[in-house]
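The lines below spell out each chain.
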Amino acid sequence: MITFTLCLLALIIGYFTYGRFMERVFGPDDRKTPALTKADGVDYIPLPTWKIFMIQFLNIAGLGPIFGAIMGAKFGISSYLWIVFGSIFAGAVHDYFAGMLSLRNGGESLPEIVGRYLGLTTKQVMRGFTVILMILVGSVFVAGPAGLLAKLTPESLDATFWIIVVFAYYILATLLPVDKIIGKIYPIFAVALLFMAVGIVVMLYVHHPALPELWDGLQNTNPDAAVLPIFPIMFVSIACGAISGFHATQSPLMARCMTSERHGRPVFYGAMITEGIVALIWAAAATYFFHENGMEENNASVIVDSITKGWLGVVGGVLAILGVIAAPITSGDTAFRSARLIVADFLGMEQKSMSRRLYICIPMFVVAIGLLLYSLRDADGFNMIWRYFAWANQTLAVFTLWTITVYLVRSKKPYWITLIPALFMTAVCSTYICIAPEGLAFAHPLSYSIGGVCTLVATIWFFVWKRRSAQKD
């Protein structure tokens, strides 16, 4: 428990130290925000800062910091370190600058921000890539919550029934003004999710299980270690609990509701640190579960159900499960909402009228339903969609980090704060697609070589570009 406690304290200290440093680097000021200058009663709506934090936290949470952390815990104590260092130095920085750049540029969606700094061609690619990723998120975040709801309700209300209900909710949340549904129910869901995390961490200290310590070594404890090495598999498995490109698509949603740039650190950096804390807690709880029951269990829902009911009792377990249900649902609805806004920005289509919103949403939901039916029809369909989502998610983080790095160079600010994470994640994503069983499945030495070459090329490209930019100035 010593390593766990130190990691928990490090995340909290990181918010007050490195988070404040990020704030000084960006330099928020008192200019009017898009929520005030572009208010439309649908997406640009001023909201209280506490509510924006709750919405941002639930937007980015999803299944990642829970299910991803549980699966990541199989890799051993390395998972704790990645959650801590990834959250403080990569994920929270990524989320903060993505949100602040949107806030500073009229509430722009992520592809527009990317295009502003990486060029028109990259922007066009990112438009399509991001919308596809958002639809994947909405699709994969339906089956899990529906299955859990089916377990908590009478047999007549099966998973199919709850899938229909969740999708109906997605449609309403995507179409209606942000303050009508999202602004009202998210704080309640956030309380459930935070209750779950606090309850689990209290029980960790009550039970005081013999968790692995840093000095025990960083060996890979995954039963399939020969096929699933720590690098890069763990760094993709634990995505939302450390760094996630999906977050950069969500930050602009809240940038359109903020009334001051000075609220950016608690909203963007703070929400990511909070998510890192949730991921760390679940990684520790999963470690205890695996120690007691072995590592054969691969269904994260079973592990969540066992831990919450065993430690928090029936009532606490139900509340905790509701938090786990709420997290992915509240990521799925804002994923579709984000996709609608990205397409609207691309087409230059105003969103005040319901008919314009429907023009975008109808084809989007048709595609999402098709993906969902595939995932339900094929036994491995869901897992396959999830794995491709996970890699695409981290690849999006790479583009976002490079975008922020270019912004920092042009602004003559310390660009190393995102250059280092950008290079690291470039190595992770390029190696992963080569080595993963669902990817190219190359031999490990070849995969590492390709990943190294990709990272080297990115490094050379960056410094050549930087030198040319300096000469132009």
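The coordinates are above.
Residues numbered from 1 in each chain as written. Predicted model: local features only at pLDDT ≥ 70, side-chain atom pairs only at ≥ 80, totals over all residues. Heavy atoms only, no water.

A few points about the overall build of the protein
Okay, so step 1: Across its full length, the protein holds 17 helices and zero strands.
Okay, so step 2: For 473 residues, the compact-globule estimate of 2.2 N^0.38 gives 23 Å, and the protein sits close to it at 21 Å.
Okay, so step 3: Summarising its shape, the C-alpha atoms of the protein cover approximately 60 × 50 × 40 Å along the three principal directions.
Okay, so step 4: Taking all 473 residues of the protein together, the buried fraction comes to 59%.
Okay, so step 5: For the protein, the share of sequence-separated contacts (at least 6 apart) that also reach a separation of at least 24 residues comes to 83%.
Okay, so step 6: Split by element, the accessible area of the protein, about 18,100 Å² in all, is 68% carbon and sulfur. (Helix = DSSP H or I, 4+ residues; strand = E, 2+ residues; numbered from the N terminus. Rg over C-alpha atoms; globule rule 2.2 N^0.38 Å. Buried < 20%, exposed > 50% of the residue type's maximum accessible area, 1.4 Å probe, protein only. Contact = heavy atoms within 4.5 Å. Areas by Shrake-Rupley, 256 points an atom, 1.4 Å probe, with all protein chains shown as cover.)

Focus: the layout of surface pockets
Okay, so step 1: Counted as a void, the second largest pocket has a volume near 290 Å³.
Okay, so step 2: Taken together, 13 residues form the lining of the second largest pocket, with Val 398, Phe 399, Trp 402, Thr 426 and Ala 458 sitting closest to its centre.
Okay, so step 3: Broken down by secondary-structure element, the contributors of at least two residues to the lining of the second largest pocket are α15 (381-410), α16 (416-435) and α17 (444-472).
Okay, so step 4: Here the lining of the second largest pocket gets five residues from one element, more than from any other, and that element is α15.
Okay, so step 5: Looking at side-chain class alone, the lining of the second largest pocket contains 10 nonpolar, three polar and no charged residues. (1 Å grid on protein atoms, 1.4 Å probe; cavity = no way out; pocket = protein on both sides within 12 Å on 5 of 7 lines; lining within 4 Å. Points joined across faces, edges and corners; volume = space filled by probe spheres on them. Nonpolar A, V, L, I, M, F, W, Y, C, P; charged D, E, K, R; others polar.)

Things to note about the nonpolar core
Where a protein is soluble and globular, its nonpolar side chains tend to be buried together.
Okay, so step 1: With 153 residues, the main nonpolar core has Phe 4, Phe 97, Tyr 269 and Trp 282 as its most contacted residues.
Okay, so step 2: No other element matches the 17 residues that helix α12 (residues 264-293) contributes to this core.
Okay, so step 3: Excluding residues within four positions of it along the chain, Phe 97 makes contact with Met 22, Val 25, Phe 26, Ile 404, Tyr 407, Leu 408 and Ile 417. (Core = buried A, V, L, I, M, F, W, Y, C linked by side-chain atoms within 4.5 Å.)

Quick word on the packing of aromatic side chains
Okay, so step 1: This structure, assessed with the given rule, holds 33 aromatic pairs.
Okay, so step 2: Their ring planes at 50 degrees and their centres at 6.0 Å tell us that Phe 4 and Tyr 205 sit as a pair that is tilted. Taken together, the residues Phe 4 in helix α1 (residues 2-26) and Tyr 205 in helix α9 (residues 182-207) connect sequence positions 201 residues apart.
Okay, so step 3: Here Phe 4 falls in the buried class, since its relative accessible area comes to 1%.
Okay, so step 4: By relative accessible area, Tyr 205 is classed as partly exposed at 35%.
Okay, so step 5: Ring plane angle 25 degrees and centroid distance 6.3 Å describe the contact between Phe 21 and Trp 416, whose orientation is recorded as stacked. A residue pair is termed long-range when its members are at least 10 positions apart, and Phe 21 in helix α1 and Trp 416 in helix α16 qualify at 395 residues.
Okay, so step 6: The class for Phe 21 is partly exposed, based on a relative accessible area of 24%. (Phe/Tyr/Trp six-rings, centres within 6.5 Å; stacked < 30°, edge-to-face > 60°.)

Details of a nonpolar patch on the surface
Okay, so step 1: On the surface, a nonpolar cluster with roughly 920 Å² of combined accessible area is contributed by Ile 2, Leu 6, Leu 9, Ile 12, Ile 13, Phe 16, Leu 214, Trp 215 and Leu 218.
Okay, so step 2: Among the secondary structure elements, Leu 214 is positioned in the loop between α9 and α10 (230-237).
Okay, so step 3: Residue class for Leu 214 comes out partly exposed when judged on its relative accessible area of 39%. (Patch = residues over 30% accessible without salt bridge, like charges linked within 9 Å, V, L, I, M, F, W, Y side chains within 5 Å. Salt bridge = Lys/Arg side-chain N within 4 Å of Asp/Glu carboxyl O.)

What about the side chain of Arg 265?
Okay, so step 1: As for its position among the elements, Arg 265 is in helix α12.
Okay, so step 2: Under the relative-accessibility criterion, Arg 265 is labelled buried at 8%.
Okay, so step 3: Apart from the residues within four sequence positions on either side, Arg 265 is in contact with Tyr 15, Phe 16, Gly 19, Arg 20, Glu 23, Tyr 96 and Gly 270.

Considering the packing of helix α5 (residues 78-104) against helix α11 (residues 245-255)
Okay, so step 1: It is at 8 Å that the axes of α5 and α11 come closest, and there the two elements cross at 40 degrees. Crossing geometry of α5 relative to α11 is assigned as right-handed. On the side of α5, the interface is formed by His 94, Asp 95, Ala 98, Gly 99, Ser 102 and Leu 103, while α11 contributes Gly 245, His 247, Ala 248, Ser 251, Pro 252 and Ala 255.
Okay, so step 2: In the contact of α5 with α11, the residues fall into five nonpolar, six polar and one charged. (Axes fitted to C-alpha atoms, helices over the stretch in contact; angles between N-to-C directions. Left-handed = near helix turned anticlockwise from the far one by under 90°.)

Quick look at the pattern of salt bridges
Okay, so step 1: Scanning the model with the defined rule gives 12 salt bridges in all.
Okay, so step 2: For Asp 30, the salt bridge goes to Arg 262, with nearest N and O atoms at 2.8 Å. Placement of Asp 30 in the loop between α1 and α2 (34-37) and of Arg 262 in the loop between α11 and α12 is noted, with a sequence separation of 232 residues between them.
Okay, so step 3: Residue Asp 30 is classed as exposed on the basis of its relative accessible area, which comes to 63%.
Okay, so step 4: Take Arg 262: its relative accessible area is 42%, and that puts it in the partly exposed class.
Okay, so step 5: Arg 104 serves as the salt-bridge partner of Glu 261, at 2.7 Å between the closest nitrogen and oxygen.

Thoughts on the environment of Ile 163
Okay, so step 1: Within the secondary structure, Ile 163 sits in helix α8 (residues 159-175).
Okay, so step 2: A relative accessible area of 11% means that Ile 163 is categorised as buried.
Okay, so step 3: Separated by 300 residues in the primary sequence, Ile 163 and Phe 463 have C-alpha atoms spaced 49 Å apart.

A short note on the environment of Phe 167
Okay, so step 1: Relative to the assigned elements, Phe 167 resides in helix α8.
Okay, so step 2: Of the residues examined, Phe 167 reaches a relative accessible area of 7% and is grouped as buried.
Okay, so step 3: Here the alpha-carbon distance between Phe 167 and Asp 333, two residues 166 residues apart in the chain, equals 8.8 Å.
Okay, so step 4: Ignoring anything within four residues of it in the chain, the contact list for Phe 167 reads Val 142, Phe 336, Phe 365, Ala 368, Ile 369 and Leu 372.

Things to note about the packing of α10 against α16
Okay, so step 1: At a minimum axis distance of 9 Å, the contact between α10 and α16 shows a crossing angle of 105 degrees. Put simply, α10 runs roughly perpendicular to α16. Of the residues in α16, those in contact with Phe 231, Pro 232, Ile 233, Phe 235 and Val 236 of α10 are Phe 424, Ala 427, Val 428, Thr 431, Tyr 432 and Ile 435. (Parallel < 35°, antiparallel > 145°, perpendicular 65-115°, else oblique.)

What about the side chain of Thr 274?
Okay, so step 1: Tracing the backbone shows Thr 274 in helix α12.
Okay, so step 2: According to the relative accessible area criterion, Thr 274 is buried, its value standing at 18%.
Okay, so step 3: Setting aside residues no more than four positions away along its own chain, Thr 274 makes contact with Phe 53, Phe 57 and Leu 194.

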